[in-house]
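# An overview of the molecular structure
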Amino acid sequence: MNPRHSRLVICMALALLCGVSAVAAPPIELVVWHSYRGGEAAAFEKVVAAYNAAKAGTGVKVTTLPVPYDAFADKITAAVPRGKGPDMFIFAQDRLGGWVEAGKTIEPIDFYVDQATKDRFLTTTVQAMTYHGTIYALPFNYKVITMVYNKKLVTKPPKTTGELVQLAKSLTDAGTGRFGVAYWYSNFYYHAILMNTFGGGAFDASGKPILNCDGNIKSLELLTKWVDKDKFLPAEPSTALVTALFNDGKAAIVFSGPWFLGEIAKGIDVGLAPLPTVDEAGGKPMQPWMTVEGVFIAAGSKNKDAAYDFVKFVTDTPSAKIMAVEGRQTPANKAVYLDPQVVNDPTLRVFRQQVEVAVPMPNLAEMSMMWTPASSAMAAIVQKSATVKDALDHAQKEVVEAVGLLRKRQ
Amino acid sequence: MSRSQRSGEFPHFPLHLILLVYVVVTLYPLLWVFTIGFSGQQNLMIVDIPANATFLDRLRAIVPWPAHLSVANFTSVFTDQPFARWLLNSVVIALATTVLGVFLACTSAYAFSRFRFPGRRVGLMSFLVSQMFPGTLMMIPLYIIIVQVLGLGSTYLGLILVYSITAIPFCVWMLKGYFDTIPRELEESALMDGASAAVIFYRIVLPLAKPAVAVTALFSFMTAWNEYIQAATFMDKINMYTAPVGLKFFVGGFQQQWGYFAAGAIVTAIPIVALFLFLQKYLISGLTAGAVKG
Amino acid sequence: MSKEPSHSRRFAAGVVAALVVGVGLSEWVLVRARTQENRSRAERVAVVALSAVTEVAERAGGAGDSLRRAVATIAGQNPGLKAIRVLVLDGLSLEASTASEDRGEKAAPRRLTRDEKPIYDQAQRLRAAVETNRQEGAARKPEIEVAGSAGGGLSLAAPLEKDGSVVGMVALETTAVPTAPRTDWLFPVVVVAGAGAAFWLLAVVMGERRALLALFACLLLMAAMVVMGRHAFTAVSGDRRATESAVAAAVGADEVSAAKALPELAPGEGAKPVHPANWDADVFRRPLGVIGADGKVDEAKFEQGLATGSSKTARVVGTFTVVAIAVLLFVGFGAASRLGATISKHHQAYTYTFPAIFGMVLLVFLPFLYGVALSFTGKSLYTSQVPLSEIWVGVKNFVDILGDFHIAKSTVTGLVWNYQNIYWTLGVTIVWTVTNVAYGVGMGLFLALILNTKGLLLRPIYRVIFVLPWAMPNYITALIWKGMFHQQFGVINQIIQMFGGTPVSWFEKPSTSLFACIATNAWLSVPFMMVICLGALQSISADLYEAARVDGATRWQQFRSITLPSLKPALIPAVILSVIWTFNMFNIIYIVSGGDPDHSTEIMITQAYKFAFEQYRYGYAAAYSMVIFAILLAYGIWQNKVTKATEGI
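Let us look at the overall build of chain A. For chain A, the helix and strand inventory stands at 17 helices and 14 strands. A compact globule built from 410 residues should have a C-alpha radius of gyration of about 22 Å, and chain A, at 23 Å, falls within 12% of that. For the C-alpha atoms alone, the extent of chain A along its principal axes is close to 75 × 55 × 35 Å. Counting only contacts in chain A whose residues sit at least 6 apart along the sequence, the fraction spanning at least 24 positions is 75%.

Attention shifts here to the nonpolar core. By size, the foremost hydrophobic cluster in this structure holds 366 residues, and its most contacted members are M88 of chain A, L175 and L218 of chain B together with V53, L156 and C533 of chain C. Beyond its immediate chain neighbours, meaning those up to four positions away, C533 of chain C contacts G444, L445, A448, L567 and L571 of chain C. A33, A203, V236 and V331 of chain C belong to the second-largest nonpolar core, a separate cluster that totals 29 residues.

Contacts between the two partners involve 33 residues from chain A, matched on the other side by 35 residues from chain B. Listing elements by their share of the side of chain A that touches chain B, those giving two or more residues are β2 (60-66), α3 (69-79) and α10 (239-247) of chain A. At 7 residues, the largest contribution of residues to the side of chain A that touches chain B is made by α10 of chain A. Residue composition of the side of chain A that touches chain B, by class: 13 nonpolar, 10 polar and 10 charged.

In this section: the packing of helix α1 (residues 7-59) of chain C against helix α7 (residues 299-332) of chain C. Residue and element names in this part refer to chain C. Their axes nearest at 8 Å, the elements α1 and α7 cross at an angle of 160°. Classified by the angle between their axes, α1 and α7 sit roughly antiparallel to one another. Considering only the axes of α1 and α7, their crossing is right-handed. Contacts between α1 and α7 involve R10, F11, A13, G14, V15, A17, A18, V21, G22, L25, S26 and V29 on the former and, on the latter, V316, V317, F320, T321, V323, A324, I325, V327, L328, V331 and G332. Taken together, the residues of the contact of α1 with α7 break down into 17 nonpolar, 5 polar and 1 charged.

With that settled, consider the interface of chain C and chain B. Listed as interface residues are 89 residues of chain C and, on the opposing side, 95 residues of chain B. Per-element tally for the side of chain C that touches chain B: the top contributor is helix α9 (residues 347-375) of chain C, with 18 residues. Residues of the side of chain C that touches chain B, tallied by class, amount to 63 nonpolar, 22 polar and 4 charged.

Residue and element names in this part refer to chain B. The domain architecture assigned to chain B consists of domain 1 (11-62) and domain 2 (76-293). Taking the mean C-alpha position of each, domain 1 and domain 2 sit 33 Å from one another. Contacts between the two partners involve 10 residues from domain 1, matched on the other side by 7 residues from domain 2. Each residue belonging to the side of domain 1 that touches domain 2 can be placed in one class, and the counts come to 4 nonpolar, 6 polar and no charged.

Here we come to the sheet that holds strand β10 (residues 270-273) of chain A. Within a sheet, neighbouring strands are paired by backbone hydrogen bonds and run either parallel or antiparallel to one another. Residues and elements named next belong to chain A. Here we have 4 strands laid out as an open sheet, ordered β8-β9-β7-β10, and mixed in their pairing. Two strands bound the open sheet, and with one partner strand each, they are β8 (179-182) and β10. This sheet shows a mean twist of 20° between the axes of neighbouring strands, independent of strand direction. By the bridge criterion, 4 bridges tie strand β7 (residues 146-150) to β10 in an arrangement that is antiparallel. Among the inter-strand pairings, M147 is bridged to a residue of β10, identified as A273.

Quick notes on the rules
Residues numbered from 1 in each chain as written. Chains lettered and ligands numbered in written order. Predicted model: local features only at pLDDT ≥ 70, side-chain atom pairs only at ≥ 80, totals over all residues. Helix = DSSP H or I, 4+ residues; strand = E, 2+ residues; numbered from the N terminus. Rg over C-alpha atoms; globule rule 2.2 N^0.38 Å. Contact = placed C-beta atoms within 7 Å. Core = buried A, V, L, I, M, F, W, Y, C linked by C-beta atoms within 7 Å. Buried ≥ 20, exposed ≤ 12 C-beta atoms within 10 Å, placed from the backbone. Nonpolar A, V, L, I, M, F, W, Y, C, P; charged D, E, K, R; others polar. Axes fitted to C-alpha atoms, helices over the stretch in contact; angles between N-to-C directions. Parallel < 35°, antiparallel > 145°, perpendicular 65-115°, else oblique. Left-handed = near helix turned anticlockwise from the far one by under 90°. Domains from an automatic or database assignment. Pairing = 2+ DSSP bridges.

Quick look at the structure:
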């Protein structure tokens, strides 16, 4: 065993003795929910097994339960406030604000988190786990959009949008359905790569919606130019279409995240590179949104101290290495990227480079009411049924109204 | 008897033609599901067309057929997760739902059809009314009742109860409608002979209502078979999940592994087809002239 | 019935039952109101003390020895306080504490221990609340937290501010709350007995005249309820008065103790007077203003509060009176005894139907009742933990939904529809439902008729094939259909191009987008209807056709006069139910068009879903669902009337 771990075990045991001195350490069964499958799940099981091995003899045992992603949030919302459900769970930050506002769902962990623990992670990933100044989870991994390309079609990945447009146009042949670039550009999340670069976004620092701000308008004008004038993007994009095009060798470059890598067909020679810089935005790099999965402690857990110990363990460097190398995740832990096995991995290296310029996606509850109006506006813009400004104004009005109605105390 | 009727029937050739056209309409999207399932890849289909496509090029492009046949998706579905176990859970739950649902529906439908009692119309209407509640906000109260109050979380029974109650309204209405078409004279004569209500029901009414029972059984089974959100919410043990829950693992969140999903979908469709094959003979076992006249 | 039971006896029983119900309910509410008043009195007194301590602590700079001395002084002055704690977030420091357990080694100042996490979290919560309220310019999150403590007292906390931002928290624990004044049980008993006796006397005088008996019983009941109401109001307003005096006294006393603590502070801070007028505040730290600057109760404001209290009492007692009269008439006119007789007479039918009905009540109607209650509230994500009664808004949600007539506006380019409006959505939903069901029934029946042809080859195979769309999970088939409608790579456009047409961009226009959804669902709905029709066709005896043929009926005549009428009993329920199901079919629209373009192809259920799970307005979404329910109920009743589906043979 790693000496650091055994020290941890002793500390833990001492803490337990002090805390519950009257009782002789009753067995503690902790349950963690996640939504992993396949290799990710196997890697996570391995981490949990390592933890259980380290805890052997202390009575602490962690078990896992995979829950399908689509049912995950509803299951948490139904179970945890009623004292059922897990001790810990792994989920992205997009529900964080909602869970805090709803109450009785997630446990603030500010109290436990010391500076050394905070310094373990990429700063932005900790930001994603912070709501109104309070930390609610330790970041586990992040997902960012980056540039994925077919090496057979692209020898040198473009570094700027100028190069990108030029290359993409040369690779496009709409008649046979071949495209230089394919990504779900009509989706708000994917469009963030341009939007953030121009200083736009969803909310300002004080939580006010800013859909029709200047940056957003400029970013959409650039997108319209790509669609209407340069014409290197397919019509009516969706994840299904993008995957299919790429797998059939009909899309040379795709902007997508780590999830996409699992959908690529065997036989495609895949290369990854950071997103290009945007000439139109003064050469600033494209800034994708970052989704961060955190390990949360459920408010209903009866063993929060023990749960936090586990949370700390799984976000520590040795666990992060297993999750990176075997689970193909991109951990939020910084130190793991110093490991030779990780640093020499071309995929992980590119994501690590990409995350430097990424912006955490807002974790406000109000974010959920942003998607539909924003996507509608973008669809209208792409289909040219409204001007950029009008469409965004319309969406902004809709969001402001919805936010106002939610916040109004009846 | 069928021979004697044939003279009055439609000529069969045009009928086959119509059926064939509809067979194509029915099968076409399903063939894509098969194509995806057997492609060994994870993408949904797109049609692949060359430049300046001719009529034939396009025709070739729209015929669903995988470029390479592979069963990799199927093997992955079963090896990545305890999918076989989940299928078994689904079978147990769906069969139990069918038995319980059809039993409860038969008894109450029989009462609604044969007895005249105050509250009959209200009762019958209330079954209908229950279908009108949009289910979006029912999840939390249902969770409270099933898991907190009854303590039936992570049990077969919890789901079986929920599913049978979901299926019952349709079953009651369907069976009641069918029972209404069975002439009462049969039962009345049996009653004269001193048979009890239960005996009349099992010996006379039920055998005659086989087609309707087959329909309701199929419906109950399907209700239980395809549901996933309640199964995912009420079950807290990996060994208790059902097949639809397992399917959902492939396409949640960002990841969309359609190849696995299609393969899993094909596998889960097989028991339904098998059940239908089994029920077919009851579905078309109609009243014969002799039975009615008694 | 052979012998009519006596009217006077029935009404006497009715009066007693109604009195017990009406007076009992009123008494129960009164007891609760007094308990609540007692509690809120204690809370307000405690909040005054908390505000006083907080003001002193903030002046002390939120840290240091002077703070500890000042806090100790105040604690010594106020016997109602069990403990005062001052916490500073930075460094997790307990700055001051007068709690008995914080002595010796655990004396403040010190770092918080691990088991004190809840206090720290509370301080963080208050800080976030203050920041959120400032950011939103609203009073949304409570800035003072009040809860019961272990010893039967109260435990309160308020944010501690320094230079305009929250740096910590002041927490108080009070001694046990005095118990509520005992409510007199004799009074309601006397009312019930008196009214009962009065009715008995009247009944003796009047004999068996039913109408008169009913009238007098009602009048007596109302009189009793009025007496109860007045009694309750007197008790409650006495309590109110006591509260205001208690709070005024507390403000005075705390002003004195705060003044005693001021000399402990830095000279500059200690010299300035305190602001007791702000101490009597609500949970958002907004002064209530009932206690004036002079420390006296503001009579005008107090009376105003009483007046709203009085009308509330009248409303509550009025409601109970209605309930009581209902009980009276139910028993008095003999409905109760008839109900009993009915149940025993038809016990067999009830036994047969009971299990199914019971299950429905438990798993469908109970959750539904919750939905009904929710629809009258402003429940949202932000009020998840608030009891429904506190966010009751009456019919406001319904007025908002149904009263929105911005269906379209005319612009220079013509009429522009407001796709979010409920009436547009309703229109879309009706088109969606009617088309789907019509196609499903038409095609299903057509195929079933063909497959019912005697001697047709390969029938079992056709049947299985036609059932397949039902067997496959529709999540994937719906996506396949969506893919088939893709502008460039979709099969449909390829076929159009094969025959020389121009490709259509299906999801750009509401009409074509809805068409794509309907095509998908129509394909999915045929198998179900076909199976129903196949089953139903079996109930038609071949003899009927034989007889018709003998009479020389054409095939169409046979279909009209034999097939259709015979299918009716099985088909009508299926049609009604599939109308209902299609109306509420969430999946297909969600997957295929997702409401595109611009929500124009949303149906009502997808809108309700949006309100609940995207905008987190649960009350509004529940009201929207109730509107859906009402529409379907109206349809169900109408359809039932037309087709007599609940009737027998």
